[in-house]
Amino acid sequence: MADIDILHAHLNAGRIQTLEVRFKNAEARTVTRETALSWAREGHSLIPIAGHGHHVTRGHALSAIEVGEEVFLRTDTRADANDCVDFPGH
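Because the structure is predicted, anything quoted here is derived from the model rather than measured.

Enquirer: Hey, could you run me through the packing of aromatic side chains in this one?
Expert: Pairs of aromatic rings are described using the distance from one ring centre to the other and the angle between the two planes. For the structure shown, the criterion picks out 1 aromatic pair. Relative to Trp39, the ring of Phe23 lies with its centre 5.5 Å away and its plane at 70 degrees, an arrangement referred to as edge-to-face. Of the two residues, Phe23 is situated in strand β2 (residues 15–23) and Trp39 in helix α1 (residues 33–41); the sequence distance between them amounts to 16 residues. Relative accessible area serves as the criterion here: at 27%, Phe23 is assigned to the partly exposed category.

This is the structure we're talking about:
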């Protein structure tokens, strides 16, 4: 499974709109919430990072959390009905 860095998250009304992500040794790109959810379900690790170069801090990976019949992407395991992407140091 891939280890995917999350560089930036754009949320609106408690939902991820887009994530700026980067695979190792590749250029950053923007993906939708649906793509991120698909990757999380497939077992890829989507990890928020802070810093750059040799000073990168990794946060907790996104998890797909079911709340009722909906699925949310969260870096914690709370069963809240919204997406949550916490970057380290923020």
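Enquirer: Mind showing me how you'd approach unusual backbone geometry here?
Expert: Among all residues save glycine, negative phi is the norm, and among peptide bonds the norm is trans. For Ala13, which is not glycine, the phi dihedral falls at a positive 55 degrees. With respect to the helices and strands, the residue Ala13 is situated in the loop between β1 (3–12) and β2. Judged by relative accessible area, Ala13 falls into the exposed class, the value being 76%. Of note in the backbone geometry, Asn25 takes a positive phi value of approximately 60 degrees without being a glycine.

Enquirer: Teacher, can you tell me more about the side chain of Arg74 here?
Expert: Its place among the elements puts Arg74 in strand β7 (residues 70–74). The class for Arg74 is buried, based on a relative accessible area of 2%. Among the polar contacts made by the side chain of Arg74, one reaches the main-chain carbonyl oxygen of Arg78 at a distance of 3.2 Å. A polar atom in the side chain of Arg74 sits 2.5 Å from the side chain of Asn82.

Enquirer: I'm lost on the nonpolar core in this one. Help?
Expert: Nonpolar side chains tend toward joint burial in soluble globular proteins. Ranked by size, the top nonpolar core spans 17 residues in total, and within it Ile6, Leu19, Val21, Leu46, Leu62 and Leu73 carry the most contacts. Of all the secondary-structure elements, those providing two or more residues to this core are β1, β2, α1 and β7. The dominant element in this core, judged by the number of residues it contributes, is α1, at 4 residues. When neighbours within four sequence positions are excluded, Leu62 is seen to be in contact with Ile6, Ile16, Leu19, Leu46, Leu73, Arg74, Thr75, Cys84 and Val85.

What counts as what
Residues numbered from 1 in each chain as written. Predicted model: local features only at pLDDT ≥ 70, side-chain atom pairs only at ≥ 80, totals over all residues. Heavy atoms only, no water. Phe/Tyr/Trp six-rings, centres within 6.5 Å; stacked < 30°, edge-to-face > 60°. Helix = DSSP H or I, 4+ residues; strand = E, 2+ residues; numbered from the N terminus. Buried < 20%, exposed > 50% of the residue type's maximum accessible area, 1.4 Å probe, protein only. Polar contact = N/O pair within 3.5 Å; in protein donor to acceptor, adjacent residues only side chain to side chain. Core = buried A, V, L, I, M, F, W, Y, C linked by side-chain atoms within 4.5 Å. Contact = heavy atoms within 4.5 Å.

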